[in-house]
Amino acid sequence: MINCGYETWVRDFEAERERRAIAGDPLWSRGAALHPALVRSLRKFQVGEDGDGSALIGKAERAGDPVYTEAVRLFVAEEQNHARTLALLLAAGGAGTLSGHWSDAVFVRLRRLLGLRMELLVLMVAEVVALRYYRAVRDGAADPLASEVAGRILADEERHVPFHCRRLREGLAGLPAPARRAVAGGWRALLAGAAALVAVDHGPALRHLGVRRRAFVVETVRLSAPLAASFTSAPARTPAGV
């Protein structure tokens, strides 16, 4: 079995789970005054956060590192908690959730096309878009409960990105430098396209939050250069099975 030091990530996820249990949920009973455009937007993101993560967990298991697999299970649990808290936020605002949305279906199909590397590359697109989106909700929502929920989710996403970057760096290390550069370029292009789609689809909500569509895309894409450089730099060791 290969062990690449993911014990640290397992401990991080477990510590966060314990901290979250001690802190408890936001006070849902105070209710939420959510703008209709924000309700429509949050519903779509809630669908994207929901899911059992079975495909990702299965690919992690086949990679041959049980410690990494455990970290992935804990990551999936945090994503499921995001879906739960968004659903409760919507309920506090008198709104329900969606059963599905086309944008989530597209991302799921893309993620399942190939192996773990493709799954993580597409997942990273969603994670980076989420960084900018939840920051916009945290800073721009007039409702305190919405701002609190978005802030909690954003803090988790900021931990998730380096976790996935590390595994991608290991998974891509066996490729020659030109191939890694091509992957980085393709990923940045995919991220730019996804950011543009989100800016259009969630434009009314972004406007309500005080964020221009163009600014949302530009600021999201700006994050892509250092992240792509991070996961396309070769580490000392490369795990098998990725």
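Presented here is an overview of the structure given in this document. Along each chain, residue indices are assigned from 1 in the same order as the chain's sequence is written. Local features are withheld for residues below a pLDDT of 70 in this predicted model, meaning they are given only at 70 or higher, and side-chain atom pairs are given and counted only at 80 or more; totals for whole chains, interfaces and linings count all residues. Calculation of side-chain values draws on the structure's entire complement of heavy atoms; hydrogens and water are dropped beforehand.

**Focus: the overall build of the protein**
- Numbering goes from the N terminus for both helices and strands, where a helix is a DSSP run of H or I of at least four residues and a strand is a run of E of at least two. The secondary structure content of the protein amounts to eleven helices and zero strands.
- Ordered by position in the sequence, the α and β elements of the protein form the string α-α-α-α-α-α-α-α-α-α-α.
- Accessibility here uses a 1.4 Å probe with only protein chains present; expressed as a share of the type maximum, an area under 20% marks a residue as buried, one over 50% as exposed, and anything in between as partly exposed. Buried residues in the protein amount to 46% of all 242 residues.
- Within the protein, contacts between residues separated by at least 24 positions form 83% of all contacts whose residues are at least 6 apart in sequence.
- Areas reported as accessible are Shrake-Rupley estimates using a 1.4 Å probe. Residue values count occlusion only from the protein chains shown. Total accessible area on the protein stands at roughly 11100 Å², and carbon and sulfur atoms take up 57% of it. By definition, residues are in contact when any of their heavy atoms lie within 4.5 Å.

**Details of the packing of helix 3 (residues 54-62) against helix 6 (residues 116-140)**
- Two elements in contact, helix 3 and helix 6, have axes whose closest approach is 9 Å; the angle formed by their N-to-C orientations is 135°. With respect to helix 6, the axis of helix 3 lies oblique. Considering how the two elements wind past one another, helix 3 and helix 6 form a crossing that is left-handed. On helix 6, the residues touching Leu 56, Lys 59 and Ala 60 of helix 3 are Leu 116, Glu 119, Leu 120 and Leu 123. Every axis corresponds to a line fitted to the C-alpha atoms, with the helix fit spanning only the stretch in contact, and the corresponding angles, defined between N-to-C directions, vary from 0 to 180 degrees. Every angle not falling under 35 degrees, over 145, or within 65 to 115 is termed oblique; those three ranges are roughly parallel, roughly antiparallel and roughly perpendicular. Note: crossing handedness is left-handed where the near helix turns anticlockwise from the far helix by less than a right angle, and right-handed where it turns clockwise.

**Description of the pattern of salt bridges**
- Between Lys or Arg on one side and Asp or Glu on the other, a salt bridge is scored when a side-chain nitrogen of the former is within 4 Å of a carboxyl oxygen of the latter. Scanning the model with the defined rule gives 16 salt bridges in all.
- Arg 19 serves as the salt-bridge partner of Glu 16, at 2.8 Å between the closest nitrogen and oxygen. In this pair, Glu 16 and Arg 19 both sit in helix 1 (residues 7-23), three residues apart, roughly one turn of the helix.
- Residue class for Glu 16 comes out buried when judged on its relative accessible area of 13%.
- Residues Asp 139 and Arg 138 are paired through a salt bridge, measuring 2.7 Å at the closest nitrogen-oxygen approach.

**So, helix 1**
- Expected span of a helix: the number of residues minus one, times 1.5 Å. For helix 1, spanning 17 residues, the distance from its first C-alpha to its last is 24 Å, which sits close to the expected 24 Å at 1.5 Å a residue.
- Taken as a whole, helix 1 has its buried residues at Trp 9, Val 10, Phe 13, Glu 16 and Arg 20. Along the axis of helix 1, the buried residues cluster in a sector spanning 130°; they form a single face. Projecting away from the buried face of helix 1 at angles above 90 degrees are the exposed residues Arg 11, Glu 18, Ala 21 and Ile 22. The arc in question is formed by the directions pointing from the helix axis toward the C-beta atoms.

**As for the nonpolar core**
- By nonpolar core we mean a set of buried residues, namely Ala, Val, Leu, Ile, Met, Phe, Trp, Tyr and Cys, connected to one another through side-chain atoms within 4.5 Å. Of all hydrophobic cores here, the largest spans 65 residues; its most connected members are Leu 89, Tyr 134, Phe 163, Trp 187 and Phe 231.
- For this core, the elements supplying multiple residues, two or more each, are helix 1, helix 2 (36-49), helix 3, helix 4 (66-92), helix 6, helix 7 (144-172), helix 8 (177-201) and helix 11 (224-231).
- The element contributing the most residues to this core is helix 6, with 14 residues.
- If we ignore the near neighbours within four places in the chain, the residues touching Tyr 134 are Phe 45, Glu 49, Leu 86, Ala 150, Ile 153, Leu 154 and Glu 157.

**Digging into the side chain of Gln 46**
- Structurally, the position occupied by Gln 46 is in helix 2.
- Gln 46 gets classed as buried once you look at its relative accessible area, which sits at 6%.

**Describing the environment of Phe 163**
- Secondary-structure assignment places Phe 163 in helix 7.
- On a C-alpha basis, the gap between Phe 163 and Val 72 in space is 9.4 Å, while along the polypeptide they are 91 residues apart.
- Once you skip the residues sitting within four places of it in the chain, Phe 163 turns out to touch Tyr 6, Trp 9, Phe 13, Tyr 68, Ala 71, Val 72 and Phe 75.

**Describing the environment of Arg 214**
- Relative to the helices and strands, Arg 214 resides in helix 10 (residues 213-222).
- Overall, the relative accessible area of 69% leaves Arg 214 in the exposed class.
- As for Arg 214 and Gly 203, which are separated by eleven residues in sequence, their C-alpha atoms are 9.8 Å apart.

**Quick word on the packing of aromatic side chains**
- Note on aromatic pairs: the rings of Phe, Tyr and Trp (six-membered ring only in Trp) are paired at centre separations within 6.5 Å, and the planes decide the class, stacked below 30 degrees, edge-to-face beyond 60, tilted for the rest. On inspection of all chains with the given rule, the structure shows eleven aromatic pairs.
- Geometrically, the ring pair formed by Trp 9 and Phe 163 is tilted, given 5.3 Å between the ring centres and 55° between the ring planes. Of this pair, Trp 9 sits in helix 1 while Phe 163 sits in helix 7, and the two are 154 residues apart along the sequence. Each member of the pair Trp 9 and Phe 163 is classed as buried.
- Relative to Phe 231, the ring of Trp 187 lies with its centre 5.1 Å away and its plane at 85°, an arrangement referred to as edge-to-face.

**Brief notes about the packing of helix 10 against helix 11**
- Contact pair helix 10 / helix 11: the axes reach a minimum separation of 5 Å and the direction vectors enclose 25°. Considered as vectors, helix 10 and helix 11 are oriented roughly parallel to each other. Note on element contacts: helix 11 touches helix 10 through Ser 224, Ala 225 and Pro 226, opposite Thr 220, Val 221 and Arg 222.

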